[in-house]
Amino acid sequence: MAKETTEEKKPGRFAEIRQAYKAIKQLDAKIGWAMLLAALITFAVIVGIGFLLGGIWRWYLVIIAIPAALLAAVFVMNRRGNKAMYGALEGQPGAAGAALQSIGKRGWYASTEPVAVDANRAAKASDLSGAAMVFRALGRPGIVLIGEGPKQRALKLLKAEEKKVNRVAPGVPVHLWVIGDGDDEVKVSKISSKLTRLRPVLTKDEASVVNKRLKSLGGLRTGVPAGMDPTRARVDRKAMKGK
């Protein structure tokens, strides 16, 4: 009985799309017009091809054009949604962690929580706006440490984290990245694509073993002011939506 209730409460595919649309619209007010335009163009092109071919093709392609137009609208929603999300993440504390959310589905071990934080000691205990953080991702290309915040403090934190990682996983490639817009920096919106382009050097089994070794390092290591709860050093996604 409880199982049936759970299944009834699970949203369907169209409900999920509607929820995603509402969330994206908060970040991109023109998303509806963009989706409509994509659907109309797709429908018009396919139907036009059908009428050019003539005969049974015109009716067959009219039928095909309807789902194709819907797919085009959803595709545009996803693309613009990703762009809007990354735009909202820019400059937010913990943005790198938020960008790592979906990478786990592509064979990576990644956490949205920082593995190390060096907070601004002049700030309030609950304020991480000036903090330097390090996030970690592990995959077949090796270990990727991503520094965020004031560059010099982020680099110092990255070097310290690199030493700890090399101690438990010697010989595994370690990539050091810093979030930013500079030539030697990585934009938040490019994290996912840059990770997937790295050349694999480990097998899946080797990556699994390394992941277990990294877990032995323990949880968050911080350099935070007295009174700050390290477990609260995470992304405030509600604040992002309101940006």
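Residues numbered from 1 in each chain as written. Predicted model: local features only at pLDDT ≥ 70, side-chain atom pairs only at ≥ 80, totals over all residues. Heavy atoms only, no water.

K.L.:
Would you take a moment to explain the overall build of the protein for this structure?
P.N.:
If you tally the helices and strands in the protein, you get nine helices and six strands. Within the protein, the proportion of its 243 residues that are buried is 39%. Surface exposure of the protein reaches about 15000 Å², of which carbon and sulfur atoms provide 58%. (Helix = DSSP H or I, 4+ residues; strand = E, 2+ residues; numbered from the N terminus. Buried < 20%, exposed > 50% of the residue type's maximum accessible area, 1.4 Å probe, protein only. Areas by Shrake-Rupley, 256 points an atom, 1.4 Å probe, with all protein chains shown as cover.)

K.L.:
Would you explain the pattern of salt bridges in this entry?
P.N.:
This model, assessed by the stated rule, comprises five salt bridges. For Asp118, the salt bridge identified is with Arg153, shortest N-O distance 3.7 Å. With a gap of 35 residues between them, Asp118 in strand 2 (residues 116-118) and Arg153 in helix 6 (residues 151-168) connect regions that are remote in the sequence. Classification of Arg153 as partly exposed rests on a relative accessible area of 25%. In this structure, the salt-bridge partner of Lys151 is Asp184, at a minimum N-O distance of 3.2 Å. One end of the pair, Lys151, is in helix 6; the other, Asp184, is in the loop between strand 5 (174-178) and helix 7 (191-196), with 33 residues separating them in the sequence. (Salt bridge = Lys/Arg side-chain N within 4 Å of Asp/Glu carboxyl O.)

K.L.:
It is not clear to me how the environment of Ala20 should be interpreted in this structure. Could you clarify?
P.N.:
Its place among the elements puts Ala20 in helix 2 (residues 13-27). The sequence separation of Ala20 and Asn78 amounts to 58 residues, and the corresponding C-alpha distance is 8.8 Å.

K.L.:
How do you make sense of the packing of aromatic side chains when you look at a structure like this?
P.N.:
The description of an aromatic ring pair uses the distance of the two centres, along with the angle that the planes make with each other. Tallied over the entire structure, the rule returns two aromatic pairs. With 6.5 Å between their ring centres and 65° between their planes, Phe51 and Trp59 make a pair best called edge-to-face. Note on Trp59: relative accessible area 56%, which makes it exposed. (Phe/Tyr/Trp six-rings, centres within 6.5 Å; stacked < 30°, edge-to-face > 60°.)

K.L.:
Explanation requested: helix 3 (residues 31-53) in the structure shown.
P.N.:
Along an α-helix, residues three or four apart share an orientation, since each turn contains 3.6 residues. Over its 23 residues, helix 3 extends 33 Å from the first C-alpha to the last, a length consistent with the 33 Å expected when each residue adds 1.5 Å. Those residues of helix 3 not exposed but buried are Ile31, Ala34, Met35, Ala38, Ala39, Ile46, Val47 and Gly50. (Expected span 1.5 Å × (residues − 1).)

K.L.:
Help me understand the side chain of Asn211 in this model?
P.N.:
On the secondary structure map, Asn211 appears in helix 8 (residues 204-215). Taking the relative accessible area as the measure of exposure, Asn211 reaches 14% and is therefore buried. Apart from residues lying up to four places away in sequence, Asn211 is in contact with Tyr109 and Leu138. (Contact = heavy atoms within 4.5 Å.)

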